Structure formats: structure tokens, C-alpha cells
Amino acid sequence: MKNFTYFLSVILFVIIFTFNELDAQVDVTGSISVNGNYSTLASAFSAINGVPQTGANILLSITSGTTEPAAGAILNNGVWTTLTIQPTGILKIITGNITPGLPMIDLNGADNVIIDGISTNGLEFRNLTASSVPGTSTIRFQSDAVNNIIRNCRITGSAAMGPTTNGGIIWFGGNSATTGNDNNVISNCDVGSLNNYYDLPAKCFHFSGTTTTTNLNNSGDTIRNCNIFDYFSNTVSSSGIYIGPGTTNTIIKDNKFYKQLPGNADSAVQHSAIWISNTSGNNYQISGNTIGYASSAGSGTYELLNNASFNAISLEVNSAVESYVQNNIIRNITVSAGTTPFKGIFIPNGRVNITGNTFGNQTGTGNMNFDAPNGDVIMIHATGNGSIICSNNNIGGVTLNLSPSAYHNFYGILATMFGSATFTCENNIIGGTAGNSINAASANTNTHCYGIYYTGNPGSTITGNIIRNITSAGGTGTSASASIIGITVVVPVNNSHLLSRNLIYNLKNTNVTDATTVTGIYFKSSTTANIISGNFIHNNMISSNNAALTGIQADSGTATYQNNMISLGTDTSGNSVTLGASIKGISETGGTNNFYFNTVYLGGRPATGTNNTFAFTSSVTANARNFRNNIFLNSRSNNGSTGKHYSVSVGGNAPNPAGLTINNNIYLVNGSGGVFGFFNSSDVSSIATWKTAVGQDAGSFEGNPRLLNPGGASSVLNLHIDSSTGTIAEANGFNIASVTDDFD
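Computed from a predicted structure; not experimentally measured. (Residues numbered from 1 in each chain as written. Predicted model: local features only at pLDDT ≥ 70, side-chain atom pairs only at ≥ 80, totals over all residues. Heavy atoms only, no water.)

**Student:** Explain the pattern of salt bridges to me, please; I cannot follow it from the model alone.
**Tutor:** Side chains that differ in charge, positive against negative, can pair when their charged atoms come close. Evaluated as defined, the whole model comprises 7 salt bridges. Across the pair Arg154 and Glu124 runs a salt bridge, and its minimum N-O distance is 3.8 Å. Residue Arg154 is found in strand 13 (residues 153–159), and its partner Glu124 is found in strand 10 (residues 123–131); the two are separated by 30 residues along the sequence. Residue Glu124 is classed as buried on the basis of its relative accessible area of 6%. Across the salt bridge formed by Lys253 and Asp254, the nearest N and O atoms sit 3.6 Å from each other. Accessibility expressed as a relative area gives 35% for Lys253, which makes it partly exposed. (Salt bridge = Lys/Arg side-chain N within 4 Å of Asp/Glu carboxyl O. Helix = DSSP H or I, 4+ residues; strand = E, 2+ residues; numbered from the N terminus. Buried < 20%, exposed > 50% of the residue type's maximum accessible area, 1.4 Å probe, protein only.)

Structure follows, in C-alpha cells:
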């Protein structure tokens, strides 16, 4: 009998012990008085919250998955030294059907917590509740939760609220009393949807915060090396990371944003990977992120459909301390969406340094595709009152696939700025090495392509940029609305602008019938001194006898154009542009300008058409204008065309026209149909006749300045003077004190 009783006791103990072990998913060690086994994080947190943990190094080992209660797991502020949560063995899943409006894991003032999956995604947190109720989240930081780390985890959920509503998969909240939720780090985590199609989250990360004082803002938080994926809504705006008021000084670094299936929006909503909307916030650092593809491995395409517009990175911030958007990659994207389908980097306001970012690729075509109806495709758009630096960005492989009934405006860089800030645009490459690197396929008459477009009040510096290989099939506008323009500056107020050392080539309109216009530089400014210097424009092309090709158009304002080099009339291989289109190397249509030390060459053999060409032409008749020390060569020669090819044309109807100073230039026309000049509505046949007609130009010459290779292929084209032979350019110029770097 005793043996039987003993046997039953042993069996009962084994059963009880076994059930206890099965129910013990969280093993707590290192605590003060609450070590033991718990069935959920909620129960373990409750035990830890109930006892002071001064100086403890607490470890919560997740030995098996848990199902958290509907109210979630709340960890309050504690006085431990560290509190670490990590799995034992293979993947452990923390899950729960949490009450809408609540977080599943709540770091409610908890500090120095480390949640570590150990291996990649060794620990997963799943909130199974799909809800748009404010506050719904998988993990929340609030009430001055500081110095916490979450790494090597997978964190998923279906928080479906819009961007300005609190909640998200990970929510950095407010309720701060001393510091804000500061210096927290999320790293090497996968953050996204429970699945890639149903119940997608509208936001993966949401930052709000306490706004009563700047000291209570969330500050110094970091998201790095994470995969952020499948955030989308077809009814509200969506984002991978959204930062609103109450959060500043945030680092978003080296993350991958991707979408595994197309997003089909029913309404005109905005979609963003990174969206910061806090005009009180400063010093945001957005660097090294990749936006695009359908996987973290860099395969597939990030695709949006219907009405959603896509602003990949958007920063509306303060101007007190500079924010940075640097070395990000935006590529492998297709947008078939709303009326304003795409902005790669959008700065609605703030002082921002936009540097080293890559859009598409530099070697191929069609990496980024836009099939949307009418609207703008803008790679970088800066506006507002803050100073902007835009440098060393690369843009290429962009195709706008549109029917003739639709149009797009393509902008590589668009700045529409206000106030007294400055705009610096340096060393960007717009257009890759492929011939149709940027291609607007629509023949719609309203299609426009702009490499760099600047308008607004502040002064600007646009220097060292390369704009190339842009193709368009449409557009019949002129001046600032031309089909393709390399650089456009249209500014209404008196601030100085510098356009220097920009390289613009192989801009091509393929329309064979319309009166399209391709322009290298279009400048329209105020009466403050402006400098357009050292720019090299060559091998741009048109495809219609009705088209127009212009190197530089000076429309209005006060400016000095110096040391610019222009070669038109041949393609990038050095072959003749055989159409009889209108070509103007430099065209002055307004303003009070100086033209010093510029070199213009027109070449090729037009076979059809009747249009005239001009190396230099000015229609200004009254304003002060100085044309000195320039080389104007028109070697274009008819091979079936009946147009005339002029070296020079100036406004006026009598000798010494009002405001004109012209001297010390070199002119040459040497082809069939060549005419020396045009003045007072009449052809001028020779330099001698020209000097009499204009009453000036006594120190100018007609002859060959011996340029090294003025009409060659773009790779070898050279408009410098051959210094190894004698030339009439030698020692025959006039000293211009303001120009200290004459090319030749």
C-alpha cells in the first residue's frame, strides 16, 4: 500500500512539474526576489514592476512562444542596471490579440532595456489586431523611456491609422515629464506586415512626442540596418517611418524599404518611405537607406498603382540646425498613379543638406518607370525658407511611359524657394551614360524635361553639374517652357546667382513634326549682378525642321556671360544634324548683359528645311550690352537646305545703336549659305561692311581661330584654341578687369 501511494505521489509530481514547465515560457533571473518562470511577458513584467530592482541585471529568457493578454505587457520605470530579453534556441514568437488602441509591449518609462533576438529574427513580436484605432501598436515607447535597444527581432502588426494619428507597429509616443523618449535604438530588425497582402500596416514606425517644451521632445533615437516593408493603405496616406511634432534629432540610417506586392490605392493618398513633418524639429540624419525593390535582397520592383502619389523621402523641418539626407539609394520603382506621381526627395521646408544620393542608375535605362496620367516626376524638390545644399547626387535610368494624350514634367532638381536663404547646387549628375538615360516618351505638346530648374527669391550657386542624355518626344513651349532645358533659372527679385562650370550635352527631342525647342541654359533674372561662366554645352539635338536648338538664352535681368563654350549642329558621334532647324548658339532676348570670352561653334550640313542659324544673336535694342573678346564661328553648310547661317546679329537700326558696345571679337562663316552678319533687318556680307553698319567693332577680326576639334564627337570635342599654331586670337583681345580666368 505504501509503495502504491508513493508511486501515485511520484506520478502526480511529474505531471504537475511537466505542466508547470509547459506553462513556463519566460524565465526570469538576476532580479531582486522575483526570479522564476512566467507564462507571458505581461506576468513577468508585472512581477518586476512590483518590487524595486535597484542595481539588478535582469535577464528574461524566452524559452517558448507566448500569447499575451488583450491588455498587453507593460514594463514601467525601474531602477535596475540592465534588463535583457532574449530567446533560447530557435525562433520564439510573442503574439497577442490586443485590444484596439493599446500596444502589445509597452515600455512605459522603462530604461536600459535590451530586447535581443540574438540571431537574425530569433525573436518575433506579432500584434494580430488589425485596427485603425489611435494607439494601436506592437511596441510603444512612452513616459521618458530612454536608452533602450531592440535588435535582431521581427516586429509585425496591422496598425491602419493615417500618418498624423498616433500608433504604428513601433510607436515612439509622448507623456514625458523630464527628458522625452530619448536615445533608443532599433537595429537589425524586420518591421512590417504580418503578411504581404492582407491587413497591411499604414505605418511601420510612428514618432510623436511631448511638445510642451523642446526638452521633452523625443530626441536622439536611431533606426538602423532594418528591413521596413509592406506598409500601405488604399484609403489613408502611408509611410515606412512617420515623424511628427514632438520628435527631433532622429537618425534613420542604412535601412531597406521595400514592397513585395503592388499597392492599389482607391483614393488620392500619399505614400512615403520616410516622412518627417515637424517644422520645430532639427538635425534629422537620413543616410545610407535603400528605397525600392520588392525584397531586402534587391530583387523585383517597388510598385504603386492608381491614385497614390509617392514621395519617397519627405522632410518638412526647421532651419535652425541643418538636417542631412545623404547617400540614400532610390531605385527599382514603378509608379502608375495619381496626378502628381513621384518626388524622390521632397523638402517642403527647412535647412537641409542633400548629398550623395542615387536615383535609378547611371548605366542603363528604365530602372524607374512612371506610367501615371498627367503630372510631375521630380527626383529632388526643395522649397520653403531654409537654405538648401544639393550636391553630388546621381540621377539616371528614368523612363516616363506615356500615351500622346498624357504629359509629364520631369525635373532632375527643382528648387522653388522663398525668404533670404540660399540654394547651392553642385556636382550633381542628371542623366547617366546611356543615350536615353532619362526618357519622356509622350508626344504631348505639354511635356517638359528640366535638368535643374530654380525659381524663387534667394540667391543661388549652380556649379559643376553634369546634365546629359535626356530625351523627350513632345513639348512645343518656348523660353522657360521649352521641351528640354538643361538649366533653367527664373527669379523675380534682386539676389545674385552664379551658374558656372556646368556640362550640358546630348539633350534630344525625337519629335519629327512639332516645333519643339531644346535649350542648354535659360536665364531670366533681376537687375542684381549675375554670373554665367565656364559652362560647356554641346551635341544637343532636335528631329524636326520646325524645331529650335539654343545653347544659352539670356532672357532678362543683369548678367555677365563669360568663358562659356557651345558647340551645336552635330550629334554625340560627331555626325551632322541634317535637319534645317533654327539653331542659335547664344540668344539674347532681353536684359542688361555682358558677353565676354565666349566661344560658339555651329557645324553640320543641313539637307532640308529653310531655317536660319546664328552663332550669336541679340534682339535687344536699348539696354546696355557689351560683346567683347568672343569667338563666333558658324560653319554650318547647306546640303539641300536653303537657310542662311550667320556669325552674328545685333539689334539696332543705325550705326552706334543705343547701349551697344561690341569689339575685339573673332567671327567666321565658311559654309554654303553662310552670311557674315545680320543688322537693321538686312544681311551684312563682310566684316568691313559690318563695322560700317554698326559703327563699332574696329578691333574685331574675321578668320579662323584654329579651335582644336570644334565639331567632333562628344568624347573628343574641344573648343580650345590650338596653341601650337599661330592664331588671330593671340594678343588681340581687350582687357576685362573683372575676368581673370580667360580660357584661352
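**Student:** For this particular structure, what's the right way to read a nonpolar patch on the surface?
**Tutor:** Together, Tyr197, Tyr198 and Leu261 make up a nonpolar patch on the protein surface, roughly 350 Å² of accessible area in all. Within the secondary structure, Leu261 is located in the loop between strand 24 (256–258) and strand 25 (263–265). (Patch = residues over 30% accessible without salt bridge, like charges linked within 9 Å, V, L, I, M, F, W, Y side chains within 5 Å. Areas by Shrake-Rupley, 256 points an atom, 1.4 Å probe, with all protein chains shown as cover.)

**Student:** Help me understand the confidence of the model for the protein, please; the structure alone is not making it clear to me.
**Tutor:** Detailed reading of predicted coordinates is not advised where the pLDDT is low. For the protein, per-residue confidence averages 92 on the pLDDT scale, and 94% of positions sit at 70 or higher. Of the regions scoring below 50 in pLDDT, residues 1–22 engages in 1 contact with residues more than four places distant in sequence or in other chains. (pLDDT = per-residue confidence, 0-100. Contact = heavy atoms within 4.5 Å.)

**Student:** Explain unusual backbone geometry here, please?
**Tutor:** The phi dihedral of Asp144 is positive, around 65°, even though this residue is not glycine. Here Asp144 lies in the loop between strand 11 (137–142) and strand 12 (149–151). Residue Asp144 is classed as buried on the basis of its relative accessible area, which comes to 11%. The backbone phi angle of Asn332 is positive, close to 50°, even though this residue is not glycine. Its location among the elements puts Asn332 in the loop between strand 32 (329–330) and strand 33 (333–336). On the accessibility criterion, Asn332 (18% relative accessible area) is buried.

**Student:** Can you help me understand the packing of aromatic side chains in this one?
**Tutor:** Two descriptors summarise a pair of aromatic rings, namely the distance from one centre to the other and the angle between the planes of the rings. This structure, assessed with the given rule, holds 24 aromatic pairs. Seen in terms of ring centroids, Phe141 and Phe172 are 4.4 Å apart; in terms of plane orientation they differ by 0°. Their pairing is stacked. Of the two residues, Phe141 sits in strand 11 while Phe172 sits in strand 14 (residues 168–172), which places them 31 residues apart along the sequence. Side by side, Phe141 and Phe172 carry an identical accessibility label, which is buried. Its end group placed over the ring of Phe232, Lys259 keeps NZ or CZ at 4.8 Å from the ring centre. (Phe/Tyr/Trp six-rings, centres within 6.5 Å; stacked < 30°, edge-to-face > 60°. Lys NZ or Arg CZ within 6 Å of the ring centre and 35° of its normal.)

**Student:** It is not clear to me how helix 3 (residues 687–694) should be interpreted in this structure. Could you clarify?
**Tutor:** At 3.6 residues per turn, the α-helix brings residues three or four places apart onto the same side. Listing the buried residues of helix 3 in full gives Ile687, Trp690 and Val694. End-on, the buried residues of helix 3 take up no more than an arc of 50°, which puts them together on one face. The exposed residues of helix 3 that point more than 90 degrees off its buried face are Ala688 and Thr692. In this fold, the buried residues of helix 3 make contact with strand 64 (645–650), strand 65 (660–663), strand 66 (666–669), strand 67 (674–679), strand 68 (682–684) and strand 69 (701–702). Phi turns positive one or two residues past the end of helix 3, at Gly695, with a value near 75°. (Arc of directions from axis to C-beta.)

**Student:** Help me out: how do you make sense of the nonpolar core in this one?
**Tutor:** Soluble globular proteins tend to pack their nonpolar side chains together in the buried interior. Within the largest apolar cluster, 150 residues are counted, with the highest numbers of intra-cluster contacts made by Leu41, Leu60, Phe125 and Phe205. Considering each element in turn, this core owes the most residues, 6 residues, to helix 2 (residues 41–49). Those residues in contact with Leu41, other than ones at most four positions away along the chain, are Val26, Leu60, Ile62, Glu68, Ala73, Ile85, Ile94, Ile105 and Phe125. Among the nonpolar cores identified, the runner-up in size contains 10 residues, and Tyr601, Leu633, Leu668 and Leu719 belong to it. (Core = buried A, V, L, I, M, F, W, Y, C linked by side-chain atoms within 4.5 Å.)

**Student:** Help me understand the environment of Asn511, please; the structure alone is not making it clear to me.
**Tutor:** As for its placement among the helices and strands, Asn511 is situated in the loop between strand 51 (503–509) and strand 52 (517–524). Assessed through its relative accessible area of 8%, Asn511 is described here as buried. Remark: the alpha-carbon pair of Asn511 and Ala443, spanning 68 residues in sequence, is separated by 7.0 Å. Not counting the four nearest positions on each side in its chain, Asn511 is found in contact with Ala443, Ser472, Ala473, Gly474, Thr516, Ser543 and Ser544.

**Student:** What should I look at first to understand the side chain of Thr617 in this one?
**Tutor:** Structurally, the position occupied by Thr617 is in strand 61 (residues 613–618). Those residues in contact with Thr617 that lie beyond four places of it in its chain are Lys584, Ile586, Ser587, Glu588 and Ser649.

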